[in-house]
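Spelled out from the first residue to the last, the chains are:
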Amino acid sequence: MGQFVDATLSFPTVLFTFLLLVIIAYWVLVVFGVFGFEGDGDGSEASGATGFLSGLGLGGVPAALVISLLVVVAWFASLVGGTLFTGTPALVAVLVAALVCAWACTRLIVLPLRRLIPKERVPSRADFVGRACVIRTSRVGSDFGQAEVTAPDGSSALVQVRQTGDDVFAAGSTALIFAYDPPGEFFWVMPYAAELDPDRPI
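Not measured: the values here are computed from a predicted model.

Draft legend 1. Up close: helix α2 (residues 14–31). Between its first and last C-alpha atoms α2 spans 26 Å; for 18 residues at 1.5 Å apiece the expected length is 26 Å, and the two agree. The set of residues buried in α2 consists of Phe16, Thr17, Leu20, Ile23, Tyr26 and Val30. One or two steps after α2, the chain reaches Gly33, where phi turns positive at roughly 80°.

Rendered as structure tokens:
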């Protein structure tokens with residue numbers, strides 16, 4: 001046991017031992033619900049890590065999982081190499097080999113995982129087409145109008161709307177979004193029965 005501890009605290013394994021302890025602590029806290037998976041965050045630090053991993057060919061799966069695999073493989077490879085070789089030049093070579101091995105093994109694992117993890121659907125303005133909206137301006141014409149619409153996820157947005165006819169739309173009335181105009185970045189609307197649920201998709 002003492003030899004194992006000495007090996008984990010010797011160069012180059014010691015460089016990854018601390019990281020391995022951090023990884024283990026992270027996953028324990030995730031299991032007990034202290035942290036959400038990857039912190040459930042979308043900050044600049046997480047985005048930067050994701051971009052860096054993508055540049056290494058390791059994108060497409062959660063960054064926490066990729067980093068965990070990198071650390072575990074690098075730690076194990078450096079532990080084996082540090083046990084088999086001695087001397088500073090050899091141990092430096094072991095460190096480099098451990099990093100290369102960690103990247104290669106993690107990439108081999110990530111490639112099939114990309115196909116198993118469902119792609120997150122990016123919200124689109126087209127999601128509003130077919131939904132009812134509430135007019136928020138005093139009128140809606142061919143060149144003016146705004147309305148509030150509720151997305152499928154429950155969030156609401158104020159959007160630009162236009163009409164093709166001469167229908168009267170007063171503030172607070174209900175209209176139906178039937179098309180989106182990408183060049184003009186507005187929605188075409190038509191009259192819609194006020195007694196229907198304005199959040200109900202068609």
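Draft legend 2. Structural view of the pairing of strand β4 (residues 174–181). With three bridges connecting them, strand β1 (residues 132–135) and β4 associate as antiparallel partners. Across the sheet, Val134 pairs through a bridge with Thr174, a residue of β4. Hairpin connection of β4 to strand β5 (residues 186–191): four residues between the antiparallel strands, including Glu185 at a positive phi of 55°.

Draft legend 3. How the structure looks around the packing of α2 against helix α4 (residues 63–84). Relative to each other, α2 and α4 sit at 140°, their axes nearing to 9 Å. One way to sum up the angle between α2 and α4 is to call them oblique. Along this stretch, α2 crosses α4, giving a crossing that reads as left-handed. Two secondary-structure elements touch here, α2 through Phe16, Thr17, Leu19, Leu20, Ile23, Tyr26 and Trp27 and α4 through Ala64, Leu65, Ile67, Ser68, Val71, Val72, Ala74, Trp75 and Ser78. When the residues that make up the contact of α2 with α4 are grouped by side-chain class, the tally is 13 nonpolar, three polar and no charged.

Draft legend 4. The arrangement of the pairing of β5 in detail. By the bridge criterion, two bridges tie strand β3 (residues 156–162) to β5 in an arrangement that is parallel. Note on β5: the bridge partner recorded for Arg162 is Trp188. Sheet topology places β4 next to β5; six bridges connect them, and they run antiparallel. Directly across from Ala179, in β5, lies its bridge partner Trp188.

Draft legend 5. Examining the pattern of salt bridges more closely. Taken as a whole and judged by the stated rule, the model has one salt bridge. With its nearest N and O atoms 2.8 Å apart, the salt bridge here joins Arg136 to Glu148. Here the residue Arg136 occupies a position in the loop between β1 and β2 (146–150), and Glu148 occupies one in strand β2, the gap between them amounting to twelve residues. Judged by its relative accessible area of 28%, Glu148 falls in the partly exposed class.

Draft legend 6. Quick look at the packing of aromatic side chains. The full count for this structure, using the stated rule, is five aromatic pairs. Pairing Phe186 with Trp188 gives two aromatic rings, centres 5.1 Å apart and planes at 80°, and the pair type is edge-to-face. Through a chain of ring-to-ring contacts, the aromatic side chains of Phe128, Tyr180 and Phe187 assemble into a single cluster. The residue whose ring lies beneath Arg162 is Phe186, and the NZ or CZ to ring-centre distance is 5.2 Å.

Draft legend 7. Here's a closer look at the layout of surface pockets. Of the voids in this model, the second largest pocket is the one considered here, and its volume is about 200 Å³. Listed by contribution, the elements that provide at least two residues to the lining of the second largest pocket are α2, α3 (44–55), α4 and α5 (88–116). At four residues, the largest contribution of residues to the lining of the second largest pocket is made by α4. For the lining of the second largest pocket, the per-class residue count stands at 13 nonpolar, no polar and no charged.

Draft legend 8. Layout of a nonpolar patch on the surface. On the surface, Met1, Phe4, Val5, Leu9, Phe11, Val14, Leu15, Val92, Val96 and Val100 cluster together to form a nonpolar patch covering roughly 910 Å² of accessible area. When residues of the nonpolar patch are traced back to their parent elements, those giving at least two are α1 (2–8), α2 and α5. A per-element tally of the nonpolar patch places α5 first, with three residues. Of note, Phe4 is situated in helix α1. Look at Phe4 and you get partly exposed, because its relative accessible area is 41%.

Here is what the cut-offs are and how they apply
- Position numbers for residues start from 1 in each chain and track the written sequence from start to end.
- Reporting of local features is limited, given that this is a predicted model, to residues whose pLDDT is at least 70; pairs of side-chain atoms are given and counted only at 80 or more, and all residues count toward the totals for whole chains, interfaces and linings.
- Hydrogens and waters are ignored; side-chain quantities use all the structure's heavy atoms.
- Put simply, DSSP marks the helices as runs of H or I at least four residues long and the strands as runs of E at least two long, and each gets a number from the N terminus on.
- How far a helix is expected to stretch is found by multiplying one less than its residue total by 1.5 Å.
- Partly exposed residues are those whose accessible area sits between 20% and 50% of the maximum for their type, while under 20% is buried and over 50% is exposed, using a 1.4 Å probe and protein chains only.
- A strand pair is defined by DSSP finding two or more bridges across the two strands.
- Lines fitted to the C-alpha atoms define the axes, with helices restricted to the stretch that makes contact. Angles between their N-to-C directions range from 0 to 180 degrees.
- By definition in this entry, angles of less than 35 degrees are roughly parallel, angles greater than 145 are roughly antiparallel, angles of 65 to 115 are roughly perpendicular, and the rest are oblique.
- Crossings are assigned a handedness: left-handed for a near helix turned anticlockwise from the far helix by less than a right angle, right-handed for a clockwise turn.
- Any pair of residues with heavy atoms lying within 4.5 Å of one another is described as a contacting pair.
- Ten residue types, Ala, Val, Leu, Ile, Met, Phe, Trp, Tyr, Cys and Pro, are classed as nonpolar, four, Asp, Glu, Lys and Arg, as charged, and the remainder, Gly among them, as polar.
- Salt bridges are defined by distance alone: a side-chain nitrogen of Lys or Arg within 4 Å of a carboxyl oxygen of Asp or Glu.
- Centres within 6.5 Å are what make two rings of Phe, Tyr or Trp a pair, Trp counting through its six-membered ring; a difference in plane orientation under 30 degrees is then read as stacked, over 60 as edge-to-face, and the rest as tilted.
- For a lysine, the NZ atom is tested; for an arginine, the CZ atom; a charge sits over a ring if that atom is within 6 Å of the ring centre and within 35 degrees of the ring normal.
- Any residue with an atom within 4 Å of a point lines the site, the site being either a cavity, points on a 1 Å grid over the protein atoms alone where a 1.4 Å probe fits but cannot get out, or a pocket, an open set with protein on both sides within 12 Å along at least 5 of 7 lines.
- Grid points are joined across faces, edges and corners, and a volume is the space filled by probe spheres set on the points.
- Only residues whose relative accessible area exceeds 30% and that form no salt bridge enter a patch; like-charged residues are grouped when within 9 Å of one another, and nonpolar side chains (Val, Leu, Ile, Met, Phe, Trp, Tyr) when within 5 Å.
- Using a 1.4 Å probe, accessible areas were evaluated by the Shrake-Rupley method; residue-level cover was limited to the displayed protein chains.

In short, the description is geometric, and any link to function would need to be established separately.
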